[in-house]
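# Structural overview for review
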Amino acid sequence: MDTPGRRRNPYELTEETPVYVISVAAQLSGLHPQTLRQYDRLGLVSPDRTAGRGRRYSARDIELLRQVQALSQDEGINLAGIKRIIELENQVVALQSRVAELQAALEGAAATMQQREAAVHASYRRDLVPYQEVQQTSALVVWRPKRQQQAD
């Protein structure tokens, strides 16, 4: 993950870097190039394009091609079902990312609230006494003033 303010090396290869032409991607995935073109048309695996419109596949695309093939061949899922599975998996990843962002924001807000609460407590006047609620009872108390004794 990139750190803010730091530029990534433009020559650094990641799993999202589109480097493989269709023939190499076909070999790496074990599929025919025409199958890759079909998957691209259906929107299952959409590689990046060069300026001349040539397809360039990344390592992540190769892995996705393998997953599509496994779901199709091993599990017997049709391509429409596979497309929906991929969409749902992408949605889960996006939602997990959003949850992480919201958790970070919540933790930041909680820390700010604790700092403000501490500042309020620090500003209390020390000559004030905290109020404590008195227990109320139903007892009846009769007050009788003392009688003054008569002088003899």
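Notes on the structure in this doc start here.

Calculation criteria
- Residues numbered from 1 in each chain as written.
- Predicted model: local features only at pLDDT ≥ 70, side-chain atom pairs only at ≥ 80, totals over all residues.
- Heavy atoms only, no water.
- Axes fitted to C-alpha atoms, helices over the stretch in contact; angles between N-to-C directions.
- Helix = DSSP H or I, 4+ residues; strand = E, 2+ residues; numbered from the N terminus.
- Parallel < 35°, antiparallel > 145°, perpendicular 65-115°, else oblique.
- Left-handed = near helix turned anticlockwise from the far one by under 90°.
- Contact = heavy atoms within 4.5 Å.
- Nonpolar A, V, L, I, M, F, W, Y, C, P; charged D, E, K, R; others polar.
- Core = buried A, V, L, I, M, F, W, Y, C linked by side-chain atoms within 4.5 Å.
- Buried < 20%, exposed > 50% of the residue type's maximum accessible area, 1.4 Å probe, protein only.
- Polar contact = N/O pair within 3.5 Å; in protein donor to acceptor, adjacent residues only side chain to side chain.
- Arc of directions from axis to C-beta.
- 1 Å grid on protein atoms, 1.4 Å probe; cavity = no way out; pocket = protein on both sides within 12 Å on 5 of 7 lines; lining within 4 Å.
- Points joined across faces, edges and corners; volume = space filled by probe spheres on them.

## Some words on the packing of helix α1 (residues 22-29) against helix α3 (residues 59-73)
Following both chains from N to C, one finds α1 and α3 inclined at 50°, their axes separated by 9 Å at the closest point. One way to sum up the angle between α1 and α3 is to call them oblique. Judged by the twist between their axes, the crossing of α1 over α3 is right-handed. Two secondary-structure elements touch here, α1 through Ala25, Leu28 and Ser29 and α3 through Ile62, Leu65 and Arg66. Counted by class, the contact of α1 with α3 contains 4 nonpolar, 1 polar and 1 charged residues.

## Some thoughts on the nonpolar core
Counting 15 residues, the largest nonpolar core has Leu36, Leu44, Val45, Tyr57, Leu65 and Val68 as the members making the most contacts within it. The set of elements that each furnish at least two residues to this core consists of α1, α2 (33-42), α3 and α4 (79-122). For this core, the leading source of residues is α3, giving 4 residues.

## Looking at the side chain of Thr17
Among the structural elements, Thr17 can be located in the segment before α1. Of the polar contacts made by the side chain of Thr17, one reaches the backbone nitrogen of Thr14; its length is 2.8 Å. Among residues more than four places away in sequence, those in contact with Thr17 are Glu12, Tyr57, Ser58 and Ala59.

## What to know about the environment of Lys83
Summarising the element assignment, Lys83 is placed in helix α4. Look at Lys83 and you get partly exposed, because its relative accessible area is 32%. Expressed as a C-alpha distance, the spacing of Lys83 and Val45, which sit 38 residues apart in the sequence, is 9.0 Å. In this structure Lys83 touches Leu42, Gly43 and Leu44, once residues within four positions along its chain are discounted.

## Observations regarding the side chain of Ser58
Looking at where Ser58 falls in the secondary structure, it is placed in the loop between β2 (55-56) and α3. Polar contacts involving the side chain of Ser58 include one to the main-chain carbonyl oxygen of Glu15, which spans 3.3 Å. If near-sequence neighbours (up to four positions away) are discounted, Ser58 is found in contact with Glu15, Glu16, Thr17, Pro18 and Tyr20.

## Things to note about α1
For α1, every residue scored as buried is listed here: Ile22, Ala25, Ala26 and Ser29. Around the axis of α1, the buried residues are gathered within 100° of arc, so they sit on the same side. Buried residues along α1 sit against α2, β2 and α3. After α1 finishes, the residue Gly30 shows a positive phi value of roughly 80°.

## What to know about the layout of surface pockets
In this structure, the largest pocket encloses a volume near 310 Å³. In terms of lining residues, the largest pocket is bounded by Leu44, Val45, Ser46, Arg60, Asp61, Glu63, Leu64, Gln67, Ile86, Glu89, Asn90 and Val93. Taken together, the elements giving at least two residues each to the lining of the largest pocket come down to α3 and α4. Classifying every residue of the lining of the largest pocket by side-chain character gives 5 nonpolar, 3 polar and 4 charged.

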